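# Observations on the three-dimensional arrangement
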Amino acid sequence: MRFPDRTVLHWGLLSAVVGTALSFATNLASNLVTALSTPAQIAVWTTVTALTGVAGALAAKNWPRTGSSLDEVAERLRNAVGLRWENDPIWRSVQEAGRLPTAWRPAGSGWFEANASLDAATGKATTAPGEALAGLWVPGEAGSKLVVLGDGGSGKTELLVETLRFLLTNGRPGDPVPVLVPLASWDPRQRLRPWLVDWIRANYRFLARASPEHPGRNLAEAVLAEGRLALMLDGFDEIAPEFRTEALRQINELPGCTRTLLSSRPAEYRAAVDTRARANPMRGARGIVLLPQPLPAVTRYLACRSDEPGRWSRLLTESPVLARTVRTPLMVMLVNSMYNHDGRAAPDPDELRRFGTRAELEEFLLAGFLPARYPAVVGTAWTATEAGHWLSNLARMAGGRADLRWWELDGRASAWSRPAVADAVMSIAVLVWTALSAGLLNGWLSLDPRYGFTDGVRISGAALVCYLAMRILTTTYGAAVMGAVGAYVAGTLSGSYDLGVGVGLITGFSWRPLPLKRSGPRSAVLVTLLVVAVPVAIRAASRLWSTLFTPGLTRGFAAGALDGFVNRWDEDVNGWLATGLVAGIIVWTAVSANSSPKPLLPALAVGGSVAGIDCWADGFRAGVTDAWLLGPADGLAAGFAVWYVTFWAAQFRDRPHSRGTARPVLAGALLACLGTGLNFVSYRAQTDISADLARAAAEGLCLGVLLWIALTDRRAPATRMMRTPLTTWLRIAAPAAGTAGAVAVVHGLSSGVARGIATGLGIGTVVLFALCRRHRPGAEMPGPAGAGVFALVVVGIVAGFGYGLLFGLAAGLGSRVSRAIWQRGQPSRGVVPSWGGAVGGAAVGTVTALAAAFNGMALPWLVITGLTSAIALSLTFGIRMESGPEDLVASPRTLFRRDRRAFFTISAVVATALGFSLGSRTIAGGGPWTAGVLAAVTTTLTFGTTTGLVIAAATTRYGVFAVTVAMSAARGDLPWRLMRFLHDAHVNRGVLRSNGESYQFRHERLRHRIARDHAATRAGG
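Residues numbered from 1 in each chain as written. Predicted model: local features only at pLDDT ≥ 70, side-chain atom pairs only at ≥ 80, totals over all residues. Heavy atoms only, no water.

The name that an unreviewed UniProt entry assigns to the protein is NACHT domain-containing protein, with the source organism given as Paractinoplanes toevensis.

Next up, the structure:
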């Protein structure tokens, strides 16, 4: 019997959770809408049952499939290797007629214990060395090892490629599959065997599937462990010198049945062996040394490709330096490229006589390679100078790696030379585009141009504040741009200034690397003042130009339909204070990540200041009888937020000692009583609060539980959550569920069912996260989840956990997008749905439908609004990149085209979905059909397109690549059409070679020479 794996269990649990959540949400919505007939209720519950069935079908779809046998897998791999190499220039060159012969001799027997069996006559020159080397390697013999030594440019890689071609062409079923692996891509600080498995999986993706014959292993691990591969490890000498000894040791530790062929320069190999005092170099290996090219063969090779065949015989006879230099295939290729131009005018090779040493002549030939490959003739797309400059920059942007991967180019290497100008341009762009997008979207939603204008001004201010704040605090443009993008998306969708600022800051601080140029409390105060200045300025402007702005900037701190979820603050009176407080806490926590501040004094200072200000400001709020009674509760919330976030975040670094349970329980109970009392007094002074004691008790309970969590938070031994015993899961879930239920019931007595449930879910999420974190390895906050819970805690304490739940969800999504962009994994080969993201988007769509129900929307339009919002957000957050067809062996160009196609597909789909959703919502709100169409079109072209580009940039690699190339091309560091240039350098010029999905320079000496020459030109010019 075959039991389900974790994927199936995951989907099974997800089916149950989604079904239950949808049932609950639908029931809640049906109770909110009046006159819902019995047939309509039947239709609603039928839809819920169908959706639950769909979730169950997804679980069945993800049941593990039976794989193929290793024999079938090996044959598929053989075909895939052939497809990967068939268009490579080196593969084609080894098939040319009249190519140079190859000869070798046995290496010293003291270096290779198996060399005694080698025939000394095996070094006869041959023009079919692949067959000869294959016979010498004996790849059919399990565990056979061979080392090929040769000087730089002696043709080691070409020999390995020809051997690879022979083995693929003449291999029989059951023979090991030859795979050529460039060791320049390997850092020996990583274990060789796992790295080989990852490399094989990355280049031949069907091997990432689970092996049916080897439980717990994928196919890549299985074929390596079972000796189904003949590994050709090329370029041992390209490993950093300090790691070569370790690399040789790890090569020796490969499974005994693995056939291994290693190539290296002799000196580098022997140096690695010399440092190993009493160890053999490669146990049981044979070794050969490639011989210099015979001079008659070189003469014939150059003569048959020249318009004057006789001159090469004369030159090689008259110039001993030239004769000694052209004894390697690399130098022969350079001479042929420079002086045999197939009918075109070529320089006179007599100039080669003037060099007195071999080193001088080699440097001259290396320097002349690019001019020969990029001749100055009419119709040439690029000059040699341009190509050298661009290739040098590419080598620099690759970060010292041998592989040139277009999706890993470091954009920081092309920073703006005038940052002040760049900041001015970016600030204007952020301000204008955000104002246009937010103004159009919210104007159509409200069918009131003044609302659109007000929201456009407010949200553009939030985006600009986040951009400037990140530029003030950090040195990277990536964090600043992501901060503006986070504020743009969250603020435009919600129409809320505070949500835009908070999500923007968290999105910006989620960027990596994040070098800070300012830290400490002054930075937090500076950003807080900047955040506060915008709403104060807008409020002042609204009084001067009342015809342009709405009478009230928002309907409360949170704005819109979620206004009722906020327990205190009013944007028109003192909401600016809460927004500044939340922003200051976010910045203070981020810039003090490496310090251990004492939280009590800042908490007292902030709490006292907020209490004093609100005792005066709350007097201007409607429905408040005694303003001075509201200040103490507001001050307690503000001060506790500062203390709690600082204290709790420090535990992720310091791991403080547990203080037991008695004192934390007592402290939590005392704070709960204090919070209940102060909030009760505050709510008694507000005429719009019903059942004030119940709401005060719920908020006091939240504060007490949070304090208990902070004082008892300690780490259990690191365990994997999937292996946690059921009893531990119950100990984790019970407190979270109990707290959520109690708060929901008590808070709901005052605020209503929906607000009570939202508040309970908010505090329950915090408790669940805190308890789960004790069983997670590592001391760092877990990325988007930690960012979301952090935002939930801050906003929950300050403004209520119902609103904090939405704030945390938006912040977590923003952090996820930011991390996805800067991490920049593998490119996409297509587009597939991410069901986890789709469920999250559907949940937000359900919340939108509930909000519409609160506003009294008719049932038909309620259904349309909920569905369109769920579809739009599911597509926005439910799309991920696809690994592509399993048998696909993508060249760099093919991979680029697939990723680019996925980028534009995702952008178009998300933009269209968001535009359609807003158009439907406009009509549902009472607008005419023409307004709905215009709303859909304008939103698609503004907010929809921008959001689509951001989601596509997080899902594919083309977006970051396009920005990097554009910035570099504007400075002249790269060509505008980079992939066309790279493809031409590979296929037509022979400057680059293909290494799976990346490029490499044809030879390391060429790479170093190009980089050195053009670095000197850059420094001198």
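So, next bit.
### Points about the overall build of the protein
Assigned secondary structure in the protein consists of 38 helices and ten strands. A total of 1021 residues make up the protein; the buried ones form 54% of that total. Counting every atom, the protein has about 43,300 Å² of accessible surface; 61% of that belongs to carbon and sulfur. (Helix = DSSP H or I, 4+ residues; strand = E, 2+ residues; numbered from the N terminus. Buried < 20%, exposed > 50% of the residue type's maximum accessible area, 1.4 Å probe, protein only. Areas by Shrake-Rupley, 256 points an atom, 1.4 Å probe, with all protein chains shown as cover.)

### Observations concerning the pattern of salt bridges
Overall, the coordinates contain 22 salt bridges when judged by the stated rule. The partner of Glu253 in a salt bridge is Arg191, and the shortest N-O contact between them spans 2.9 Å. Taken as a pair, Glu253 in the loop between helix H9 (244-252) and strand S5 (259-264) and Arg191 in the loop between strand S3 (177-182) and helix H7 (192-203) lie far apart in primary sequence, 62 residues in all. In this structure Glu253 comes out as partly exposed when scored by relative accessible area, which is 41%. For Arg191, a relative accessible area of 41% puts it in the partly exposed group. Taking the shortest distance from any N to any O, the salt bridge between Arg201 and Asp198 comes out at 3.9 Å. Here the residue Arg201 and the residue Asp198 both occupy positions in helix H7, the gap between them amounting to three residues, near one helical turn. Each of Arg191, Glu246, Arg249 and Glu253 takes part in a single network of salt bridges with overlapping partners. (Salt bridge = Lys/Arg side-chain N within 4 Å of Asp/Glu carboxyl O.)

### Quick look at the environment of Tyr204
Tracing the chain through its elements places Tyr204 in the loop between H7 and helix H8 (219-225). Placed 127 residues apart in sequence, Tyr204 and Leu77 show a C-alpha to C-alpha distance of 7.5 Å.

### Examining the nonpolar core
Ranked by size, the top nonpolar core spans 168 residues in total, and within it Tyr644, Ile797 and Phe981 carry the most contacts. Beyond its immediate sequence surroundings of up to four residues, Phe981 is in contact with Tyr374, Trp382, Ala387, Trp390, Leu391, Leu394 and Pro975. (Core = buried A, V, L, I, M, F, W, Y, C linked by side-chain atoms within 4.5 Å. Contact = heavy atoms within 4.5 Å.)

### Notes on the packing of aromatic side chains
Using the criterion set out here, one finds 20 aromatic pairs in the structure. Taken together, a centroid distance of 5.3 Å and an interplanar angle of 85 degrees make the contact between Phe903 and Phe904 edge-to-face. On the basis of relative accessibility, which here comes to 7%, the residue Phe903 falls in the buried class. Taken together, the ring pairs in this structure connect Trp406, Trp407, Phe896, Phe903, Phe904, Tyr958 and Phe961 into an aromatic cluster. A cation over an aromatic ring shows up here: Arg354 above the ring of Phe364, its NZ or CZ 5.2 Å from the ring centre. Across the ring face of Tyr683, the terminal group of Arg695 is positioned such that the distance to the ring centre comes to 6.0 Å. (Phe/Tyr/Trp six-rings, centres within 6.5 Å; stacked < 30°, edge-to-face > 60°. Lys NZ or Arg CZ within 6 Å of the ring centre and 35° of its normal.)

### Some thoughts on unusual backbone geometry
With a phi close to 50 degrees, Ala691 is a non-glycine residue in the positive phi region. Looking at where Ala691 falls in the secondary structure, it is placed in the loop between helix H26 (662-684) and helix H27 (692-712).

### Re the pairing of S5
Side chains on a regular strand alternate between the two faces of the sheet. S5 sits mainly inside the fold: six of its six residues count as buried. Examined bridge by bridge, strand S4 (residues 229-234) and S5 share four bridges and lie parallel to one another. Bridge pairing in S5 places Ala230 opposite Arg259. In this region the chain leaves S4, passes through H9 and returns to the parallel neighbour S5; the handedness of that crossover is right-handed. (Pairing = 2+ DSSP bridges. Right-handed = clockwise from strand over helix to strand, strands pointing away.)

### Description of the environment of Val148
With respect to the helices and strands, the residue Val148 is situated in strand S2 (residues 145-149). A relative accessible area of 0% means that Val148 is categorised as buried. As for Val148 and Arg286, which are separated by 138 residues in sequence, their C-alpha atoms are 8.7 Å apart. Contacts of Val148, omitting those with residues within four sequence positions, involve Leu133, Lys156, Leu159, Leu261, Leu262, Ser263, Ser264, Ile288 and Leu290.

### Comments concerning the pairing of strand S10 (residues 998-1001)
Across the two faces of S10 the burial is the same, with Ser998 and Gln1000 and Tyr999 and Phe1001 all buried. By the bridge criterion, four bridges tie strand S9 (residues 992-995) to S10 in an arrangement that is antiparallel. Residue pairing across strands places Ser994 opposite Tyr999, the latter belonging to S10.

### With respect to the packing of helix H20 (residues 477-494) against helix H35 (residues 929-955)
Two elements in contact, H20 and H35, have axes whose closest approach is 11 Å; the angle formed by their N-to-C orientations is 135 degrees. On the basis of the axis angle, H20 is oblique to H35. You can see that H20 and H35 cross each other, and the crossing is left-handed. Contacts from Val485, Tyr488, Val489, Thr492 and Leu493 of H20 reach H35 at Thr942, Phe943, Thr946, Thr947 and Val950. In terms of residue class, the contact of H20 with H35 is built from six nonpolar, four polar and no charged. (Axes fitted to C-alpha atoms, helices over the stretch in contact; angles between N-to-C directions. Parallel < 35°, antiparallel > 145°, perpendicular 65-115°, else oblique. Left-handed = near helix turned anticlockwise from the far one by under 90°. Nonpolar A, V, L, I, M, F, W, Y, C, P; charged D, E, K, R; others polar.)

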